[in-house]
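# Observations on the three-dimensional arrangement
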Amino acid sequence: MSGEILILTIDGDSHAEHVARLLAARGAETVVFDPAGYPVRAVLDAVYHRDGRVRRRLRTETADVDLDHLTALWFRRPQAPVAHPEIADPVARAHIEQECAAFAGDLWEQLGCRMVPAPRERVRLAQRKSSQLVLAGRLGFELPDTLITNDPGEFLDFYNRHRGRVITKPLGVPTRSRADGEGVARMSEPVSTRDVTYADAIRFGPVVIQEYVPKRVELRVTVVGRAVFAAEIHSQESNHTRLDWRRYDPGGTRHEVHELPPEVAGRCVRIVRRLGLRYGAIDLILTPDGRYVFLEVNPSGQWLWIEKATGLPIGAALCDLLMYGTVGEETAHAAGRP
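Residues numbered from 1 in each chain as written. Predicted model: local features only at pLDDT ≥ 70, side-chain atom pairs only at ≥ 80, totals over all residues. Heavy atoms only, no water.

This brings us to the overall build of the protein. When you go through the protein residue by residue, the secondary structure sums to ten helices and 18 strands. Residues counted as buried form 46% of the 338 residues belonging to the protein. Long-range pairs, those at least 24 residues apart, make up 68% of the contacts in the protein with a sequence separation of at least 6. Looking at the protein as shown, the accessible area adds up to about 17100 Å², and 49% of this sits on carbon and sulfur atoms. (Helix = DSSP H or I, 4+ residues; strand = E, 2+ residues; numbered from the N terminus. Buried < 20%, exposed > 50% of the residue type's maximum accessible area, 1.4 Å probe, protein only. Contact = heavy atoms within 4.5 Å. Areas by Shrake-Rupley, 256 points an atom, 1.4 Å probe, with all protein chains shown as cover.)

Rendered as structure tokens:
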């Protein structure tokens, strides 16, 4: 290992803190930093010499990082830069924040180190849900019957064709924050007969509608390099989590290690690699009759609760990936490698 590992994420991120502790135990130098602290609590420098030499540096209150000698950069969950509070004018604040985001974003992309899950532009492209469905279908995954539309008539036809057993889900990030600071959450929701009476509102923007897929269990499949960690989430044991396991109580929902068929595990690795990623959290449904149905890939999906509930060494695999670019045989064996 030639240099430090830089983790970009929000303050207090338990996933980043866990991996940083594991890396420190291995003797790796690790810095955790949130770009939201730039420029108030950090300095970013880039010097471009006449002869083409470049020196890039990050200085925080506790670290001085030579960005040109990083081993790896983990885009965990970084936030956008925030202007100094002394800049009160909203137009000036917006301008400064745009300038900071443009420079910092460009700087991260320039670095020649290993990037996990991938360079930010690649991550942005990989998050597109409709493109994920196209790719998953080409790779042989079974998909839920899906419609994305802003046509109320198309929605009603789809609803009737599936006898009302349909759900809606967000096309992008399920949680947004309003200007007043309140969060707006959007998860998978059943379409009720009352919703149908307001179908005309669909004309205001696209909606994702999918057939409801019966579940034996839900699966969170975490792909790290070529290692595949599959865990069962027994969401059907509670009415509260029957439709969307993200509503569940971590202490009250049963989790178990799941052994994927080799062909399904192989597809999981291939879709993550075809999306240009080194890491991906995949949501699948295992139906009562034994079919594996693809839902989506999250390039920054959570995994720590899976590790705690099942003992799957996902954090160790991420350490391997950040330090060496591949997952060690022992860790991969614990996961199952296609």
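Here we have three strands laid out as an open sheet, ordered 3-4-5, and antiparallel in their pairing. Pairing within the sheet leaves two strands with one partner each, and these edge strands are strand 3 (42–48) and strand 5 (64–66). Sheet twist, expressed as the average angle between the axes of neighbouring strands with direction ignored, equals 15°. The pairing of strand 3 with strand 4 (residues 54–60) spans seven bridges and is antiparallel. Bridge pairing in strand 4 places Tyr 48 opposite Val 54. Strand contacts of helix 2 (residues 90–110): strand 3 and strand 4, with the helix running at about 60° to strand 3, the strand carrying the most contacts. (Pairing = 2+ DSSP bridges. Axes fitted to C-alpha atoms, helices over the stretch in contact; angles between N-to-C directions.)

This next bit is on the sheet that holds strand 6 (residues 72–75). Strand order across the open sheet formed by four strands is 2-1-6-7, with parallel pairing between neighbours. What marks the edges here is a single partner per strand, and that holds for strand 2 (30–33) and strand 7 (114–116). Strand-to-strand, the axes of this sheet are offset by a mean angle of 15°, without reference to chain direction. Of the strand pairs in this sheet, strand 1 (residues 5–8) and strand 2 are connected by four bridges, and their pairing is parallel. Its bridge partner being in strand 2, Leu 6 is matched across the sheet by Val 31. Here helix 9 (residues 314–324) sits on the sheet in contact with strand 1, strand 6 and strand 7, set at roughly 155° to strand 7.

The first and last C-alpha atoms of helix 7 (residues 262–274) sit 18 Å apart over 13 residues, in line with the 18 Å expected at 1.5 Å per residue. Of the positions making up helix 7, those classed as buried are Val 264, Ala 265, Gly 266, Arg 267, Cys 268, Val 269, Ile 271 and Val 272. The inward-facing, buried residues of helix 7 contact helix 4 (129–138), strand 14 (217–224), strand 15 (227–233), strand 17 (279–286) and strand 18 (292–298). (Expected span 1.5 Å × (residues − 1).)

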